[in-house]
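# Coordinate analysis (summary)
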Amino acid sequence: PIAGIMVGILVTVLVQSSSTSTSIVVGLVSVDSENSLTVRQAIPIIMGCNIGTAVTATLVSFIHSAKVDEFRRAFAGAQLNWIYNVLIVIILLVVEYFAHFLEITSDALTSLLTGGSTGSFNSPISAAVAPFVNVFIHADESKLEELAQGVEIEGSLIDDGFMQNTSLSDEGAAALMLVLSLIVMIVALVMLVKLLSSVLKGAAKDWLNKALNFNRYIAMLVGVGVTIMVQSSSITTSTMIPLIGIGVITLEQMLTLTIGANIGTTITALLAALSTDSTFGLQIALVHLLFNIIG
């Protein structure tokens, strides 16, 4: 189980999105092959995915490092999600190891939901970014599905975009796009911090504080709603780091939003699971939901 947690942390750190890593786990549990994961093996990985999502917020906090007081507040805010998830894992891992609580409960819920149908939800962030990404690189999804099922494929995975016309291998093109993505992310985070620092002063700061203090459960639902829309808890929590750094929101207010963001990020994997025929994929998605609701 400890190895599973470490794998979950590592994958989420690499892809910078717990929604992506949990969806991958759902796919690995769902696929009918000798390389598939069992639900029991996947549960610790899901726990690790929740811990790994705190890394992005920590990177954002370093943008405040030039100002000591701001950095102290921002870094503390970035560790909230990490500490929160580590504490839940410490408790639930022990319970799961001896009693298999999440496995049994999710199995019971799966039997109630099996046979249901759902549509897919397209994030507005993805809709805005996808055309830009496709200019550079687009992968053949049918080949990706075959690869995930252990089928040997021929030719390149890239079927469109600028990278298709280069002499780079699939691995080389992927490495180059990863570097470009990290550069874009860092520039975007720096601009985000500067923008929020200039906008949220004076009256705007007071309005935000009143809204968050009005009702903590409503604030939690706001965190859920925003994360469902952008399909990434990393985006939600990272946006809050500059706010806590400049003193617009408190650690307690951020914790409430963070709990909501953790619940909201489970919806992506749940939608992915409901669209498959595998009951095991649905079960592991429900494990993710239960983990965060119990937390």
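Residues numbered from 1 in each chain as written. Predicted model: local features only at pLDDT ≥ 70, side-chain atom pairs only at ≥ 80, totals over all residues. Heavy atoms only, no water.

The name given to the protein chain in an unreviewed UniProt entry is Sodium-dependent phosphate transporter, with Hirondellea gigas as the source organism. Under Subcellular location (unreviewed entry), UniProt gives the following word-for-word description of the protein chain: "Apical cell membrane". (UniProt positions renumbered as here; feature names shortened; annotations may be inferred.)

Bringing the overall build of the protein chain into the picture now. Per the secondary structure count, the protein chain includes 15 helices and 2 strands. The globule rule puts the C-alpha radius of gyration for 295 residues at 19 Å, and the 20 Å found for the protein chain is close to it. Viewed in the frame of its principal axes, the protein chain has a C-alpha envelope of about 60 × 55 × 35 Å. Within the span of the protein chain, comprising 295 residues, buried residues form 41% of the whole. Of the roughly 15700 Å² that the protein chain leaves accessible, carbon and sulfur atoms contribute 69%. With 10 positive and 20 negative side-chain charges, the protein chain shows a spacing of 28 Å between the two charge centroids. (Helix = DSSP H or I, 4+ residues; strand = E, 2+ residues; numbered from the N terminus. Rg over C-alpha atoms; globule rule 2.2 N^0.38 Å. Buried < 20%, exposed > 50% of the residue type's maximum accessible area, 1.4 Å probe, protein only. Areas by Shrake-Rupley, 256 points an atom, 1.4 Å probe, with all protein chains shown as cover. Lys, Arg positive; Asp, Glu negative; His and termini not counted. Charge placed at Lys NZ, Arg CZ, Asp CG, Glu CD.)

Attention shifts here to the environment of Ala3. Following the sequence through the fold, Ala3 ends up in helix H1 (residues 2-15). Taking relative accessible area as the criterion, Ala3 reaches 55% and is therefore assigned exposed.

Turning to the layout of surface pockets, a few remarks are in order. Computed from the structure, the second largest pocket encloses a volume of approximately 270 Å³. When contributions to the lining of the second largest pocket are tallied by element, the ones reaching two or more residues are helix H10 (203-214), helix H11 (216-230) and helix H12 (233-245). (1 Å grid on protein atoms, 1.4 Å probe; cavity = no way out; pocket = protein on both sides within 12 Å on 5 of 7 lines; lining within 4 Å. Points joined across faces, edges and corners; volume = space filled by probe spheres on them.)

Attention now goes to the UniProt feature "transmembrane region" (unreviewed entry) in the protein chain. According to UniProt, the "transmembrane region" (unreviewed entry) feature falls on residues 42-62, 82-102, 173-196 and 217-235. The span residues 173-196 carries 100% helix and 0% strand; its end-to-end C-alpha distance comes to 34 Å. In this annotation, residues 217-235 is assigned 89% helix and 0% strand; the end-to-end C-alpha distance for the span is 21 Å.

Right, let's talk about the side chain of Thr265 for a bit. For Thr265, the position within the fold is in the loop between helix H13 (251-264) and helix H14 (266-274). What makes Thr265 buried here is its relative accessible area of 1%.

Moving on, we come to the nonpolar core. It is characteristic of soluble globular proteins that their nonpolar side chains tend to be buried jointly. Of all hydrophobic cores here, the largest spans 31 residues; its most connected members are Val25, Ile43, Met47, Val89, Leu102 and Ile284. Elements represented by at least two residues in this core include exactly helix H2 (18-30), helix H3 (39-52), helix H5 (68-99), H13, H14 and helix H15 (279-294). Met47 has contacts with Ile5, Val89, Leu92, Leu93, Glu96, Leu102 and Phe291, leaving out every residue within four places of it along the chain. (Core = buried A, V, L, I, M, F, W, Y, C linked by side-chain atoms within 4.5 Å. Contact = heavy atoms within 4.5 Å.)

This part takes up the UniProt feature "signal peptide" (unreviewed entry) in the protein chain. Those residues carrying the UniProt feature "signal peptide" (unreviewed entry) are residues 1-17 in this numbering. End C-alpha to end C-alpha, residues 1-17 measures 21 Å, and it is 82% helix and 0% strand.

The next thing to look at is the packing of helix H4 (residues 54-61) against H12. In a packed pair of helices, the relevant descriptors are the angle between the two axes and the axis-to-axis distance. Packing of H4 against H12 leaves a shortest axis separation of 9 Å and a crossing angle of 25 degrees. In terms of orientation, H4 lies roughly parallel with respect to H12. Seen from above, H4 lies across H12 with right-handed handedness. Residue-level inspection shows Thr56, Ala57, Val60 and Ser61 of H4 in contact with H12, the latter providing Ser234, Thr237, Ser238, Ile241 and Pro242. Grouping the constituent residues of the contact of H4 with H12 by class yields 4 nonpolar, 5 polar and no charged. (Axes fitted to C-alpha atoms, helices over the stretch in contact; angles between N-to-C directions. Parallel < 35°, antiparallel > 145°, perpendicular 65-115°, else oblique. Left-handed = near helix turned anticlockwise from the far one by under 90°. Nonpolar A, V, L, I, M, F, W, Y, C, P; charged D, E, K, R; others polar.)

What follows concerns the packing of aromatic side chains. In this structure the tally under the stated criterion is 5 aromatic pairs. Here Phe62 and Phe71 contribute two aromatic rings whose centre-to-centre distance is 5.7 Å and whose plane-to-plane angle is 35 degrees, an arrangement assigned as tilted. Ring geometry for Phe71 versus Phe75: centroids 5.6 Å apart, planes at 45 degrees, classification tilted. Here Phe75 and Phe71 lie together in helix H5, a separation of 4 residues that amounts to about one turn. With relative accessibility at 23%, the residue Phe71 sits in the partly exposed group. Given a relative accessible area of 32%, Phe75 falls into the partly exposed group. (Phe/Tyr/Trp six-rings, centres within 6.5 Å; stacked < 30°, edge-to-face > 60°.)

You will see that His100, though not glycine, has its phi angle at about 55 degrees, which is positive. By the element assignment, His100 lies in the loop between H5 and helix H6 (101-113).

Here we come to the packing of H11 against H12. Direction vectors running N to C along H11 and H12 enclose 125 degrees, while the axes themselves pass 8 Å from each other. The pairing of H11 with H12 is recorded here as oblique in orientation. The two elements H11 and H12 meet at a crossing, and its hand is right-handed. Together, Gly223, Val226, Thr227 and Val230 of H11 and Ser233, Ile235 and Thr236 of H12 make up the contact between the two elements. Across the contact of H11 with H12, the residue classes tally to 3 nonpolar, 4 polar and no charged.

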